Structures are given as C-alpha cells and as structure tokens.
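Examining the three-dimensional arrangement
Each chain, letter by letter, is given below.
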Amino acid sequence: MDNGQEQTSGLKEAVARLLLHVNAQKANFKPQEITNLLWAMAKLVDSGQEQTPVLNETAAALLPHMNAQKANFNPQEIANLLWAMAKLLDSGQEQTPVLNETAAALLPHMNAQKDQFIPQHIANLLWAMAKLGEFVELNVVTSTFKSLVYRISENPQLSQQVILMSLWGVMVCCARLSLVSNANKNNVLEKHMDDLFTRLENTSPNNEEEQSIIAMAASWLGRASPVVPHYQTTISKPQSDFRDQLQSRIPSLKIEEEKNLNSLPPVDLLLPDHNMVIEVQGPSHYVGGDFKTRNGSTLLKIALLQKSGFEVIEIPINMLWNRDSMKRCIDQIKARVGIPPQRHGSLSLKRRWADEAYVTPDKGRQPSDPGYLTAEEHSGEQPGKPTKRKKTNSQ
C-alpha cells in the first residue's frame, strides 16, 4: 500500500483477518516481530487504511508484551516503535495508561543506545517525540534532542527526508520551550535549526507539507523563505457555527477566516483590529484526540503565530458542543477585545461551571480538565502585525 497498491475490499478483509490472528498469538511474538507488526499497522494507517476498532485493539494488545521485553529491543526497533506509536496516536489511537507506560519505558533504553542510532533512526526519533507533543515531558524532549541532533547536523550526507524530519522535530522542540515562560531557551537547538534549514534552501520540496516545513523554519529564523506554500483550507462546521455566533454577539467585530499569515498555515479566525487569532481545535490537534494533550503540529503553529506578534486563543471543540459553554467562550472573547492589546501571546480562557467566566494566563501549561479552554502566556512582546498529511516514512 505504501507504494500505491489499491485498497480493495479483498485487501481490507485480508488485513482484518490477519489482525485477529495477531491478537490471538500476541504472547508468542519476539521483539523484532512486535516492532514489525506495529510498524506495519502504522504504515497501513499512514497509507489510508481505516483505523478500525480491530486495528486499535490489536495495537493495544501488543503493548504489554512490548513493555515486558523492553530491554531486548535494538536501536532500529526502538526508533521504529516510537515512530509507529506516534503515527498511530496521531491518527486516533486511544491514549491509555498502558500506552503511556510503554512509551515511558522505551525512553531510557533509547538514551542508553543513542550512540548506535544511524541518521534515519535519529530522524524517526526526533519526529516521533516532536509529534507526541505534550505527551512527552519537556525536560525529556530537550535532553534527548541535545544528545541526538548534533549527529544529524554534523553528517554531510543526509537524504532530504532525514533533514526535513529532523528540522521539523527541532522546530517543535524550540516551540515548546518558547511556550513555557520559565523555560531556558536553547540557542544551541536554534543553531541546529539554522544549519538544517540552510541545507534545504536549494532543494525542491515534493509536496505541500515539505513546503510548509521550509516556510515555517524560515519564519522562525527570520529568513526569507525559498518557497511559498499553497495550503488547502477547510472550514469545519464547529468553526463556522462559532464564527456566526461570535459575529452575531459582536456585530462590529471584523472577522477574517482561513487567513494565511506570514506564509504560515491558515488560521481559523483572525480579528485583525485586535491582532488576535482564534483557533477552533478539533481532536486532531491533540494526542489520541483527548482534548488535553496538544500535539507537536499544534504547538508549533501557536508558537510561530506568537513570534509573528499575534495573540492566540485556542478553543477545543468540546467547548462548543453546549450552547451555554459556547456563550461563555464568546463572553470572554468579547471582554478581551474590549481591552487594547498590551502584549502578544496565547491566553487561557478557562471555564468553571460554578464560577463566572474569567480570563487568566497559564504559566507553563499543566494537564487540565477537558472542559478547559487552554493555551500559554508568552511574555515577549513582538512588534507589528504582521492539510493533506505528510507521509513520513521510517526504515
């Protein structure tokens, strides 16, 4: 399927039958076999195979056996496992305690074998840890990146795919650091980002996602972008309904929709008179769709908008399923736009059923109730105003 095999009904049926046998024999698989199975499931999903309950159950059933044999996985297997877990979670695999435990158990073994990873393994690891976003603790991400990324930057012979995956991963790590007000910013990582970007300046991106990575890196580094991405735009019903309600409540408010800002991916709603962006976040913005744990793509977009001088408000769509909670969101935005912007950043609008709605900055985001409307505060002031999913292969 990764090379274009058509998804026929016969192929889908064969996959479904094989998954049942995998589940039945899960206790008999060796580390390499577990790795191959999870990698193959992730590749199927990445190639368009529907993520069925049977597939999700089979992946979940393999995790305890992977955990039991964690000390026996070699570097390639660790890299492919983390890539597969990130891909499955990004595609809707449920985030469970067993999955959390398994991912946490692999990380020490990854660090113990870091000198044995080849560039493709490192790129897979950087991409996977970045894609998992807030699922992995920030201090773990930064220490891992610092121990691995220099080996990518110093290697003169890297494929374009390895450079792109690594560049995106480093950007997300820098984004996470920028979104935490008390974090030590890491100029070393930005230097690696600059080096990787320079190696791509004379290349030809193969698709929209690769164009986007290069344009975002240029925006972050304050350099001219060698490409101008052409983004696909879609307006979801929750976004459209919220826009209509917001306009109805504040008729004088100027609202622009799906606006491209500084070659970045389009924003849901822009309030140009207030230098404010509103992002209506569906489950694809969160690891496992949990409406709590933001993924790397979401964090990177927020950080880039902040660096461009915009205030960002995130609204998980589960806040819009109830008319009363939608009204609270609009009331808080209404109060906010009545105040001249004094700083650019990302605000937290939090809902409490027992209390009056209020606005408060988060200090370095903690996991919160799914009912919360969450984001970070960015302390630095910036002047002025200013997707087909990428198939990321592992080897």
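Residues numbered from 1 in each chain as written. Predicted model: local features only at pLDDT ≥ 70, side-chain atom pairs only at ≥ 80, totals over all residues. Heavy atoms only, no water.

When helices and strands are counted, the protein shows 13 helices and six strands. Accessible area for the protein stands at about 17400 Å²; split by element, carbon and sulfur atoms hold 48% of it. (Helix = DSSP H or I, 4+ residues; strand = E, 2+ residues; numbered from the N terminus. Areas by Shrake-Rupley, 256 points an atom, 1.4 Å probe, with all protein chains shown as cover.)

Among the six residues that make up strand β3 (residues 276-281), six are buried, leaving the element largely enclosed by the rest of the structure. Of the two faces of β3, both are covered, the one formed by Met276, Ile278 and Val280 as well as the one formed by Val277, Glu279 and Gln281. Where strand β2 (residues 267-271) meets β3, three bridges bridge the pair, whose relative direction is antiparallel. Directly across from Leu271, in β3, lies its bridge partner Met276. The turn joining β2 and β3, which pair antiparallel and follow one another in sequence, is formed by four residues; a positive phi near 55 degrees is taken by Asn275. Bridging between β3 and strand β4 (residues 311-316) involves six bridges; their strand directions are parallel. Bridged to Gln281 within β4 is Pro316. (Buried < 20%, exposed > 50% of the residue type's maximum accessible area, 1.4 Å probe, protein only. Pairing = 2+ DSSP bridges.)

Attention now goes to the packing of helix α3 (residues 53-68) against helix α5 (residues 97-112). One can describe the packing of α3 onto α5 by two numbers: an axis separation of 9 Å at closest approach and a directional angle of 30 degrees. Put simply, α3 runs roughly parallel to α5. Crossing angle aside, the handedness with which α3 passes α5 is left-handed. Touching Leu63, Pro64, Met66 and Asn67 of α3 are Val98, Leu99, Glu101, Thr102, Ala105 and Leu106, all from α5. Partitioning the contact of α3 with α5 into residue classes produces seven nonpolar, two polar and one charged. (Axes fitted to C-alpha atoms, helices over the stretch in contact; angles between N-to-C directions. Parallel < 35°, antiparallel > 145°, perpendicular 65-115°, else oblique. Left-handed = near helix turned anticlockwise from the far one by under 90°. Contact = heavy atoms within 4.5 Å. Nonpolar A, V, L, I, M, F, W, Y, C, P; charged D, E, K, R; others polar.)

We now examine α5. With 16 residues, α5 ought to run about 22 Å at 1.5 Å a step, and its terminal C-alpha atoms sit 24 Å apart, in line with that. Restricting attention to buried positions, one finds in α5 the residues Leu99, Thr102, Ala103, Ala105, Leu106, Leu107 and Met110. For α5, the elements touching its buried residues are α3, α4 (75-90), α6 (119-131) and α7 (138-153). (Expected span 1.5 Å × (residues − 1).)

Turning to the side chain of His192, a few remarks are in order. Structurally, the position occupied by His192 is in helix α9 (residues 187-198). When near neighbours in sequence (up to four residues on either side) are disregarded, His192 contacts Val149, Tyr150 and Ser153.

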